[in-house]
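# Observations on chain architecture
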Amino acid sequence: MKWHLRPWELSDVPSIALYANDPAIAANLRTIFPYPYTRRDAEVFIGGCMAGDETLQLCRAICVDGHAAGSIGIFRREDVYCKQAEIGYWLARPYWGEGIMSEAVRRMCEDAFAQWDIVRISAEIFASNTGSQRVLEKNGFQREGILRQSIYKNGKLMDSHLYALLR
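Described below are features of the structure shown in this document. (Residues numbered from 1 in each chain as written. Predicted model: local features only at pLDDT ≥ 70, side-chain atom pairs only at ≥ 80, totals over all residues. Heavy atoms only, no water.)

## So, the packing of aromatic side chains
- For the structure on display, the rule yields four aromatic pairs.
- Ring plane angle 85 degrees and centroid distance 5.5 Å describe the contact between Trp8 and Phe45, whose orientation is recorded as edge-to-face. Taken together, the residues span a long stretch of sequence, with Trp8 in the loop between β1 (3–6) and α1 (13–20) and Phe45 in helix α3 (residues 39–51) at a distance of 37 residues.
- The exposure class of Trp8 is buried, given its relative accessible area of 6%.
- Residues Phe33 and Trp90 carry aromatic rings whose centres are separated by 5.7 Å and whose planes lie at 70 degrees to one another, so their mutual orientation is edge-to-face. (Phe/Tyr/Trp six-rings, centres within 6.5 Å; stacked < 30°, edge-to-face > 60°. Helix = DSSP H or I, 4+ residues; strand = E, 2+ residues; numbered from the N terminus. Buried < 20%, exposed > 50% of the residue type's maximum accessible area, 1.4 Å probe, protein only.)

## What to know about the side chain of Ser15
- Here Ser15 shows up in helix α1.
- Looking at Ser15, the relative accessible area reads 14%, which means it is buried.
- Those residues within four positions of Ser15 in sequence are excluded, and the remaining contacts are His67 and Ala68. (Contact = heavy atoms within 4.5 Å.)

## Side note on the pairing of strand β5 (residues 120–126)
- Of all the seven residues making up β5, six are buried; the element is thus mostly covered by neighbouring parts of the structure.
- As defined by bridge partners, strand β4 (residues 84–91) adjoins β5 across three bridges and the pair is classed as parallel. Paired with Gln84 across the strands is Arg120, a residue of β5.
- In this fold, β4 hands off to helix α4 (residues 100–115), which returns the chain to β5; that crossover is right-handed. (Pairing = 2+ DSSP bridges. Right-handed = clockwise from strand over helix to strand, strands pointing away.)

## Observations concerning the side chain of Ser102
- Relative to the elements of secondary structure, Ser102 occurs in helix α4.
- When its relative accessible area of 13% is taken as the criterion, Ser102 is described as buried.
- Not counting residues up to four positions away in its chain, the partners in contact with Ser102 are Val135, Lys138 and Asn139.

## What about α3?
- The first and last C-alpha atoms of α3 sit 18 Å apart over 13 residues, in line with the 18 Å expected at 1.5 Å per residue.
- Among the residues of α3, those classed as buried are Ala42, Ile46 and Cys49. Down the axis of α3, the smallest arc covering the buried residues is 55 degrees, so these residues share one side. Residues of α3 that are exposed and point more than 90 degrees away from the buried face comprise Arg40 and Ala51.
- Along its buried surface, α3 packs onto α1 and β2 (57–64). (Expected span 1.5 Å × (residues − 1). Arc of directions from axis to C-beta.)

## Concerning unusual backbone geometry
- Tyr35 connects to Pro36 through a cis peptide bond whose omega is 0 degrees.
- Checked against the element boundaries, Pro36 lands in the loop between α2 (23–26) and α3.
- The phi angle at Asp65 is positive, at roughly 50 degrees, despite the residue not being glycine.
- Within the secondary structure layout, Asp65 lies in the loop between β2 and β3 (67–76).
- The backbone of Asn154 sits at a positive phi, close to 50 degrees, despite the residue not being glycine.
- Relative to the elements of secondary structure, Asn154 occurs in the loop between β6 (142–153) and β7 (156–166).
- On the basis of relative accessible area, Asn154 is assigned to the exposed category, the value being 67%.

In structure tokens, the structure reads:
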């Protein structure tokens, strides 16, 4: 299986609309990621990524076997947090457990540290998302704490784990 990261293209809309329309993916992401996920959702998301200012965000398509099968982004923070960025990602279920996301996180963090004057990249992961926790730990992220009952999704309060990687 061949994969790579690349900037988003409008031609990614059909594959992202297909792969993102998965309740198992939406269950581990913020509510801004809708389920069901429609073609229009994919158009809006990809358009926003394409229009984004790379001094503030790095958004990439994760392409597997020639088609977009996931997303990864790092977003600079502002104000007193200006030396920080936050990472977020998802991958189509058929590719879970293949090591793709672990390598994508490594590459994106290297790029962000090389391009920006930041000292920290953080991620807040739902406590139940052990796969994502392993991805971060494989990349040297340290769990800094558990935020108790910090997430309210689908009618349930849940804990989250705060992870960070320092330059």
